[in-house]
Amino acid sequence: MIRLVDVNPDNRRVRLNVAKAQEKYVANKTVILARAYAYRNQRSRAFFIYDGEIPIGMGLYYDCPERASYDVSQLFIDERYQGHGYGKAAMQLLLDEMKQDGKYNKVMLCYIEENDIVQNMYKQLGFVEIGHDEDEIIMEMVLPNA
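In this report, the structure presented in the accompanying data block is examined. (Residues numbered from 1 in each chain as written. Predicted model: local features only at pLDDT ≥ 70, side-chain atom pairs only at ≥ 80, totals over all residues. Heavy atoms only, no water.)

Some thoughts on the packing of aromatic side chains
So, point 1. Counted under the stated rule, the structure contains six aromatic pairs.
So, point 2. Relative to Phe-127, the ring of Tyr-122 has its centre 5.6 Å away and its plane inclined at 65°; by these criteria the two rings are edge-to-face.
So, point 3. By the ring-pair criterion, three or more aromatic residues cluster together here, those being Phe-47, Tyr-61, Tyr-70 and Tyr-104.
So, point 4. Directly above the ring of Tyr-50 sits Arg-3, whose terminal nitrogen or CZ lies 4.8 Å from the centroid.
So, point 5. Between Arg-40 and the ring centre of Tyr-37, over which it is positioned, the NZ or CZ distance is 3.8 Å. (Phe/Tyr/Trp six-rings, centres within 6.5 Å; stacked < 30°, edge-to-face > 60°. Lys NZ or Arg CZ within 6 Å of the ring centre and 35° of its normal.)

Encoded structure:
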């Protein structure tokens with residue numbers, strides 16, 4: 001069962017890696033934690049993705065009040081666990097939590113435009129492209145009513 005667990009003193013040393021070819025698409029754990037600290041005043045949440053008791057990925061989101069939106073800054077699945085639908089399941093769980101939180105009715109994210117796999121996943125979840133920023137594609141999704 002997929003679940004999201006906040007980074008905490010007990011799990012902070014979890015080791016996760018993306019494949020070398022994917023390193024240009026996603027930040028590593030240290031950078032994610034630094035971003036979570038930098039955005040702490042915007043309710044940042046750094047979390048691990050677990051399948052049962054096994055950590056399989058990591059993510060980060062925070063509030064983006066200037067766009068009245070949640071901002072999914074990072075999401076990745078460890079290279080050992082990719083290709084099993086974990087990323088999509090984790091993202092759906094995250095969207096459900098945001099919907100329950102109810103602060104915003106919109107979610108934004110961006111990805112490096114060469115990352116076709118993640119683009120397809122986000123489109124399947126209901127995200128639509130709204131713009132570009134250098135090499136990044138910006139997408140958003142309006143959360144359905146609770």
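A look at the pattern of salt bridges
So, point 1. Tallied over the entire structure, the rule returns ten salt bridges.
So, point 2. With its nearest N and O atoms 3.6 Å apart, the salt bridge here joins Lys-20 to Glu-23.
So, point 3. Take Glu-23: its relative accessible area is 42%, and that puts it in the partly exposed class.
So, point 4. One connected set of salt bridges, linked through shared partners, spans Arg-43, Asp-63, Asp-101 and Lys-103. (Salt bridge = Lys/Arg side-chain N within 4 Å of Asp/Glu carboxyl O. Buried < 20%, exposed > 50% of the residue type's maximum accessible area, 1.4 Å probe, protein only.)

A look at the nonpolar core
So, point 1. Judged by nonpolar contacts, the single largest core of 29 residues is most densely connected at Ile-49, Met-91, Met-98, Tyr-122 and Phe-127.
So, point 2. Counting residues per element, the ones that place at least two in this core are β1 (2–6), β2 (45–51), β3 (54–64), β4 (69–77), α2 (86–101), β5 (106–112), α3 (116–125) and β7 (136–142).
So, point 3. In terms of residue count, α2 provides more of this core than any other element does, six residues in total.
So, point 4. Grouped together as the second largest cluster of nonpolar side chains are 15 residues, Leu-16, Ala-36, Tyr-50 and Met-58 included. (Core = buried A, V, L, I, M, F, W, Y, C linked by side-chain atoms within 4.5 Å. Helix = DSSP H or I, 4+ residues; strand = E, 2+ residues; numbered from the N terminus.)

A few points about the sheet that holds β2
So, point 1. In spatial order, the strands read β1-β2-β3-β4-β5-β7-β6; together these seven strands make up an open sheet with mixed pairing. Both edges of this open sheet fall to β1 and β6 (128–133), since each of them pairs with a single strand only. Geometrically, the sheet is characterised by an average inter-axis angle of 30° between neighbouring strands, direction not taken into account.
So, point 2. One ladder, built from three bridges, connects β4 with β5; its direction is parallel. (Pairing = 2+ DSSP bridges. Axes fitted to C-alpha atoms, helices over the stretch in contact; angles between N-to-C directions.)

Digging into the layout of surface pockets
So, point 1. Considering only enclosed or pocket space, the largest pocket measures out at about 1,200 Å³ in volume.
So, point 2. If you go around the largest pocket, you meet 46 residues; those closest to its centre are Tyr-25, Leu-75, Asn-115, Val-118 and Tyr-122.
So, point 3. Looking at the lining of the largest pocket, the elements with two or more residues in it are β3, β4, α2, β5, α3 and β7.
So, point 4. It is β4 that contributes the most residues to the lining of the largest pocket, nine residues altogether.
So, point 5. Space inside the second largest pocket adds up to approximately 260 Å³.
So, point 6. Around the second largest pocket, the lining comprises 13 residues; the ones closest to its centre are Leu-16, Asn-17, Asn-28, Lys-29 and Phe-76.
So, point 7. Per-class residue counts for the lining of the second largest pocket are six nonpolar, three polar and four charged. (1 Å grid on protein atoms, 1.4 Å probe; cavity = no way out; pocket = protein on both sides within 12 Å on 5 of 7 lines; lining within 4 Å. Points joined across faces, edges and corners; volume = space filled by probe spheres on them. Nonpolar A, V, L, I, M, F, W, Y, C, P; charged D, E, K, R; others polar.)

With respect to the pairing of β3
So, point 1. Burial runs high along β3: nine of the eleven residues are buried.
So, point 2. Linking two consecutive strands that pair antiparallel, namely β2 and β3, is a turn of two residues; a positive phi of about 65° is found at Gly-52 within it.
So, point 3. In this structure, β3 lies alongside β4, joined through eight bridges in antiparallel fashion. Looking at the pairing, Tyr-61 lines up with Val-72 of β4.
So, point 4. From the end of β3 to the start of β4, which pair antiparallel, there are four residues, and Ala-68 there has a positive phi angle of about 50°.

Such coordinate-based values are descriptive only and should not be taken to indicate function.
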